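Examination of the molecular architecture
Below, each chain spelled out in residue letters.
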2 protein chains.
Amino acid sequence: MNDTDKPTISRREQSKQNRRDAIVQAARASFLENGYAGTSMSALVHTLGGSKQTLWSYFRSKEELFAAVIEEVTSSFRAELSQLLTGSDDLQRSLLDFCRSFLRRLDADDAVAAWRLVAGESGRFPEVGRIFYERAVRLTETTLAQFLARFIASGELREESAPRMAELLLGLCASRQNKRLWGVGTGDEASREADAIAYSGMFLRAFAREKG
Amino acid sequence: MNDTDKPTISRREQSKQNRRDAIVQAARASFLENGYAGTSMSALVHTLGGSKQTLWSYFRSKEELFAAVIEEVTSSFRAELSQLLTGSDDLQRSLLDFCRSFLRRLDADDAVAAWRLVAGESGRFPEVGRIFYERAVRLTETTLAQFLARFIASGELREESAPRMAELLLGLCASRQNKRLWGVGTGDEASREADAIAYSGMFLRAFAREKG
DNA sequence: TCATAGCTGTACCATAGAGTACGAATTTGC
DNA sequence: GCAAATTCGTACTCTATGGTACAGCTATGA
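Residues numbered from 1 in each chain as written. Chains lettered and ligands numbered in written order. Predicted model: local features only at pLDDT ≥ 70, side-chain atom pairs only at ≥ 80, totals over all residues. Heavy atoms only, no water.

**Side note on the overall build of chain A**
Condition: Runs of E in the DSSP output that reach at least two residues are strands. Runs of H or I that reach at least four are helices, and both are numbered from the N terminus. The cut-offs for exposure are 20% and 50% of the maximum accessible area for each residue type, with area from a 1.4 Å probe on protein chains only; residues under the lower value are buried, those over the upper are exposed, and the others partly exposed. The contact criterion used is simple: two residues touch if any of their non-hydrogen atoms lie within 4.5 Å. Residue exposure ignores everything except the shown protein chains as possible cover, and the areas themselves are Shrake-Rupley values with a 1.4 Å probe. Charged residues are defined narrowly, with Lys and Arg counted positive, Asp and Glu counted negative, and His plus the chain ends left uncounted. The atoms used to mark charge sites are NZ of Lys, CZ of Arg, CG of Asp and CD of Glu.
Of the regular secondary structure elements, chain A holds nine helices and zero strands. When the helices and strands of chain A are read in sequence order from the N terminus, they spell out α-α-α-α-α-α-α-α-α. Relative to its 212 residues, chain A shows a buried fraction of 46%. Counting contacts in chain A only where the partners sit at least 6 residues apart, residues at least 24 apart contribute 72% of the total. With the model as given, the accessible surface of chain A reaches about 10,700 Å², and the carbon-plus-sulfur share is 50%. Treating the 30 positive side-chain charges of chain A as one cloud and the 29 negative ones as another, the clouds have centres 4 Å apart.

Spelled out as structure tokens, the structure:
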């Protein structure tokens with residue numbers, strides 16, 4: 001009796017949903033590539049096919065559409081990032097793996113574009129930065145912090161603030177992103193691997209307890 | 001006989017210079033606040049007083065003016081950052097001081113705005129990111145690396161790549177900037193001090209040699 | 001004093017943008 | 001099959017933009 005086998009949504013609402021998704025996807029592509037001001041609603045209508053009337057019936061303004069796109073971008077980020085931390089007991093290995101996967105995700109073109117969009121527009125649209133942080137970054141921080149807390153408890157990490165540690169490691173990972181934003185430094189496998197090793201290595205040296 | 005007491009530049013050229021500066025300053029303010037697309041040449045003329053003819057006689061297009069602004073922004077950054085590293089022999093103290101000053105500089109509203117502008121526009125204007133990195137960030141990296149190299153030589157830091165170390169420390173500092181971009185986290189003295197301590201502390205733990 | 005380089009103001013052009021209006025065509029639920 | 005909800009296409013308004021043209025004004029330099 002759940003809503004998957006007996007959809008309460010009618011054909012109409014279904015196609016409305018699809019339509020909405022299509023709009024958001026197209027808008028997402030354009031906003032990521034051209035920024036807010038560089039995205040034209042008229043052009044969007046042309047890309048999508050259909051009429052302005054229709055577009056405006058789904059989103060009453062450009063800003064509203066933009067908000068929906070930001071929402072979409074952060075939620076897709078969130079979905080992918082929540083699975084980066086395995087339940088492994090090997091601290092060193094887990095951290096390296098985490099850095100690797102996280103950096104790989106950040107290296108993707110759309111991630112770079114999203115980062116640029118958020119950074120560029122959060123001055124004029126304060127919501128954008130806040131949403132991005134709250135719904136994408138912060139979640140990763142807390143998840144990582146919980147992961148680290150286990151190793152503090154087990155004595156493998158120093159007894160210091162886990163959230164702070166998480167922040168520092170993520171900060172390191174994000175710093176690679178800056179060079180990508182600036183068009184410096186490539187997103188190739190080799191440099192990524194080197195960075196993953198450097199970041200997790202630095203972290204462990206700073207926060208791992210000496211053994212024995 | 002130097003050119004300060006006997007200016008070779010005529011009154012005309014002097015006032016041209018002033019005019020140009022005024023234009024760049026006004027443009028800078030607008031680009032930083034409104035971004036590239038959000039800056040209007042017509043509005044700029046209005047702010048400056050004078051006529052379009054004049055503005056276009058100094059800069060033949062909006063892009064050319066934008067380039068001049070980026071140039072100005074990076075060069076003013078560079079000028080300030082080159083003096084952050086004292087010749088002190090106390091490693092720990094120097095690093096903490098460096099982080100403090102660097103973070104203070106980054107916390108300034110115009111630095112945040114500049115960071116946003118560069119991040120936001122370097123997708124559409126690849127030059128912008130490259131120039132910003134080459135002329136502002138890279139210089140800081142190499143200066144810091146040279147500074148660190150002295151302590152590697154003296155045995156206070158591990159024998160590892162000084163440029164890499166510099167990159168990591170600056171990366172940490174830059175990570176604070178992200179939160180500012182997103183409008184999360186304030187630029188107040190207290191949090192800055194805490195971050196400076198955390199960054200330099202983490203760095204030292206990771207790269208300082210254990211004593212005796 | 002005078003020629004002139006440079007400035008001003010204003011009108012103008014072509015293009016583009018967001019958003020509205022509306023009648024006709026199409027799809028949906030029943 | 002029919003009424004209602006959507007969608008379509010197109011034309012429209014209003015505002016703004018980067019950039020040009022031009023006639024008159026002003027400070028400069030000799």
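Next comes the rest of the description.
**Here we look at the interface of chain B and chain A**
For clarity, the cut-off: The buried area of a pairing is the accessible area, by a 1.4 Å probe, that goes missing from both parts when the two are put together, added over both. The salt bridge definition used is simple: a Lys or Arg side-chain nitrogen within 4 Å of an Asp or Glu carboxyl oxygen. A 3.5 Å cut-off defines polar contacts: any pair of N or O atoms within that distance qualifies, except that in protein one atom must be a possible hydrogen donor and the other a possible acceptor, and neighbouring residues in sequence count only when both atoms are side-chain atoms. Each residue is assigned to one of three groups, with Ala, Val, Leu, Ile, Met, Phe, Trp, Tyr, Cys and Pro labelled nonpolar, Asp, Glu, Lys and Arg labelled charged, and all others, Gly among them, labelled polar.
Facing the 41 residues of chain B at the interface are 42 residues of chain A. Taking both sides of the interface into account, the surface hidden between chain B and chain A amounts to around 3,400 Å²; carbon and sulfur atoms contribute 60%. The largest per-residue losses of area from chain B upon contact with chain A belong to Trp182, Met202 and Arg205 of chain B, which jointly make up 24% of the total buried on that side. For Arg205 of chain B, the salt bridge identified is with Glu160 of chain A, shortest N-O distance 2.6 Å. Between the two partners, chain B and chain A, sit 20 residue pairs in polar contact (both at pLDDT 80 or more). Sorting the residues of the side of chain B that touches chain A by element identifies α1 (11–34), α6 (109–121), α7 (126–153), α8 (162–181) and α9 (189–207) of chain B as the ones contributing at least two each. Here the side of chain B that touches chain A takes ten residues from α8 of chain B, the largest share from any one element. Its residues assigned to classes, the side of chain B that touches chain A shows 20 nonpolar, nine polar and twelve charged.

**Side note on the protein's contact with DNA strand C**
We apply this condition: Near is defined per residue: the residue qualifies when any heavy atom it owns lies within 4 Å of the molecule or strand.
Lining the immediate surroundings of DNA strand C are 21 residues, of which Arg11, Met41 and Lys52 of chain A together with Arg19 and Tyr58 of chain B lie closest. When atoms of DNA strand C within 4 Å of the protein are sorted by moiety, sugar and phosphate together comprise 67%. Going through the elements one at a time, α1 (11–34), α2 (41–48) and α3 (52–58) of chain A together with α1 and α3 (52–58) of chain B are the ones with two or more residues in the surface near DNA strand C. Element by element, the count of residues in the surface near DNA strand C is highest for α3 of chain B, at four residues. Here the surface near DNA strand C is built from residues that sort into three nonpolar, eleven polar and seven charged.

**Regarding helix α4 (residues 62–81) of chain A**
In an α-helix, one turn spans 3.6 residues, which is why side chains three or four residues apart end up on the same side. Residue and element names in this part refer to chain A. The test is simple: Under the convention used throughout, the expected extent of a helix is 1.5 Å for every residue step, that is, one less than its residue count.
Taking 1.5 Å per residue as the helical rise, α4 with its 20 residues ought to reach 28 Å, and the 29 Å between its terminal C-alpha atoms agrees with that figure. Turning to α4, its buried residues number three or more, namely Leu65, Phe66, Ala68, Val69, Ile70, Val73, Thr74, Ser76, Phe77 and Leu81. For α4, the elements touching its buried residues are α1, α2, α5 (91–107), α6 (109–121) and α7 (126–153).

**Quick word on the relation of the copies chain B and chain A**
Taken together, a rotation about one axis and a shift along it account for how the two chain copies relate. The cut-off we apply is this: In superposing the copies, a least-squares fit is computed on C-alpha atoms, taking residues whose pLDDT is at least 70 in both.
Superposition record for chain B on chain A: RMSD 0.1 Å, screw rotation 179°, translation along axis 0.0 Å. As the rotation angle and translation indicate, the two copies are arranged about a two-fold axis. Using C-alpha coordinates, one finds that chain B approaches the rotation axis most closely at Gly120 of chain B, a distance of 2.0 Å. A symmetric contact is evident, with 100% of the interface residues of chain B recurring at the interface of chain A.

**Points about the domain arrangement of chain A**
Residues and elements named next belong to chain A. To keep it simple, the criterion reads: By convention here, the domain bounds are inherited from an automatic or database domain assignment.
As far as domains go, chain A holds domain 1 (11–66) and domain 2 (71–207). Summarising the inter-unit geometry, the C-alpha centres of domain 1 and domain 2 are found 31 Å apart. Counting residues at the interface gives ten residues for domain 1 and ten residues for domain 2. Summed over both partners, the interface of domain 1 with domain 2 buries about 840 Å², with 68% contributed by carbon and sulfur atoms. Contact with domain 2 buries area across many residues of domain 1, yet Arg28, Leu32 and Phe66 alone supply 66% of it, more than any other trio. For the salt bridge of Arg28 with Asp110, the shortest nitrogen-to-oxygen distance reads 3.1 Å.

**Digging into the packing of aromatic side chains**
Using the following cut-off: Two rings belonging to Phe, Tyr or Trp (six-membered ring only in the last case) form a pair when the distance between their centres is within 6.5 Å. Interplanar angles under 30 degrees mark stacking, angles over 60 mark edge-to-face geometry, and anything in between is tilted. Here, over-ring charges are defined by two tests on the NZ atom of lysine or the CZ atom of arginine: distance to the ring centre within 6 Å, and angle to the ring normal within 35 degrees.
In the structure shown here, the tally under the stated rule is 26 aromatic pairs over all chains. Consider the rings of Trp115 of chain B and Phe132 of chain B, whose centres lie 5.6 Å apart with planes at 85°: the pair is edge-to-face. With a gap of 17 residues between them, Trp115 of chain B in helix α6 and Phe132 of chain B in helix α7 connect regions that are remote in the sequence. The class of Trp115 of chain B is buried, set by a relative accessible area of 6%. You can call Phe132 of chain B buried: its relative accessible area is 1%. Put simply, the rings of Phe77, Trp115, Phe132 and Tyr133 of chain A together with Trp182 of chain B touch in pairs and so form one group of aromatic residues. Sitting over the face of the ring of Phe77 of chain A, Arg105 of chain A holds its NZ or CZ atom 4.8 Å from the ring centroid.

**Remarks on the protein's contact with DNA strand D**
For DNA strand D, the set of nearby residues contains 21 residues, the closest of which are Arg19, Ser51 and Tyr58 of chain A together with Met41 and Lys52 of chain B. For DNA strand D, the backbone makes up 68% of the atoms found within 4 Å of the protein, where backbone means sugar plus phosphate. Interatomic distance of 3.4 Å between a backbone N/O atom of Ser42 of chain B and a phosphate oxygen of DNA strand D. Sorting the residues of the surface near DNA strand D by element identifies α1 and α3 of chain A together with α1, α2 (41–48) and α3 of chain B as the ones contributing at least two each. By residue class, the composition of the surface near DNA strand D is three nonpolar, eleven polar and seven charged.

**Details of the pattern of salt bridges**
Side chains carrying opposite charge are able to pair once their charged atoms draw close together. Inspection of the entire model under this criterion finds 46 salt bridges over all chains. The salt bridge partner of Arg164 of chain A is Asp195 of chain B, with a shortest N-O separation of 2.7 Å. Placement of the pair is Arg164 of chain A in helix α8 (residues 162–181) and Asp195 of chain B in helix α9, with the two residues belonging to separate chains. Judged by relative accessible area, Arg164 of chain A falls into the partly exposed class, the value being 22%. The buried category is assigned to Asp195 of chain B, whose relative accessible area is 9%. As a salt-bridge pair, Glu141 of chain B and Lys179 of chain A come within 2.9 Å of each other at their nearest N and O atoms. Here Lys179 of chain A lies in helix α8 and Glu141 of chain B lies in helix α7, a pairing that spans two chains. Lys179 of chain A carries the same exposure label as Glu141 of chain B, and that label is buried. Connected through shared salt-bridge partners, Asp107, Arg176, Lys179, Arg180, Glu189, Arg192 and Asp195 of chain A together with Glu141, Arg164 and Glu167 of chain B make up one network.

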